[in-house]
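Each chain is listed here by its residues.
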Amino acid sequence: MKKNGFLTFIFACIPGAGQMYYGYMQRGLSIAMMLILCVMAATVVQPLLFLCLVIWMYSFFDTYDLIRYLVAGDPKPDEFLLPPDSVSYTHLRAHETGR
């Protein structure tokens, strides 16, 4: 699954988009939502802008970490980052079907 290096860099600069570009939709959505919530909170509490920077840096480097695992043949699972393992599609689907 070879992707364009330039597009990878561009999408890695947008929190969550790099993960989504490589097929990690839940992970990308988690990061994007964390950043959006952080920006909203930072409008009230200014020091939270630093946390927004941390989330952006995490997203950028996480994109390249995912690539490293994909190239090694050991891809990480696509899961929501927060809250860990408490919300997943399989749990929701099992609840809906009654299994």
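Calculation rules
- Residues numbered from 1 in each chain as written.
- Predicted model: local features only at pLDDT ≥ 70, side-chain atom pairs only at ≥ 80, totals over all residues.
- Heavy atoms only, no water.
- Salt bridge = Lys/Arg side-chain N within 4 Å of Asp/Glu carboxyl O.
- Helix = DSSP H or I, 4+ residues; strand = E, 2+ residues; numbered from the N terminus.
- Buried < 20%, exposed > 50% of the residue type's maximum accessible area, 1.4 Å probe, protein only.
- Contact = heavy atoms within 4.5 Å.

**Let's talk about the pattern of salt bridges**
Thought 1: Inspection of the entire model under this criterion finds three salt bridges.
Thought 2: A salt bridge links lysine 76 to aspartate 65; its shortest N-O distance comes to 2.6 Å. With a gap of 11 residues between them, lysine 76 in the loop between α4 (48–71) and α5 (89–97) and aspartate 65 in helix α4 connect regions that are remote in the sequence.
Thought 3: The exposure class of lysine 76 is partly exposed, given its relative accessible area of 23%.
Thought 4: Within this structure, Asp65, Arg68 and Lys76 form a network of salt bridges that share partners.

**Quick notes on the environment of threonine 63**
Thought 1: With respect to the secondary-structure elements, threonine 63 resides in helix α4.
Thought 2: A relative accessible area of 1% means that threonine 63 is categorised as buried.
Thought 3: Linking threonine 63 and glycine 18, residues 45 residues apart in sequence, is a C-alpha distance of 5.5 Å.
Thought 4: Not counting residues within four places of it along the chain, the set of residues in contact with threonine 63 comprises Thr8, Ala12, Gly18 and Gln19.

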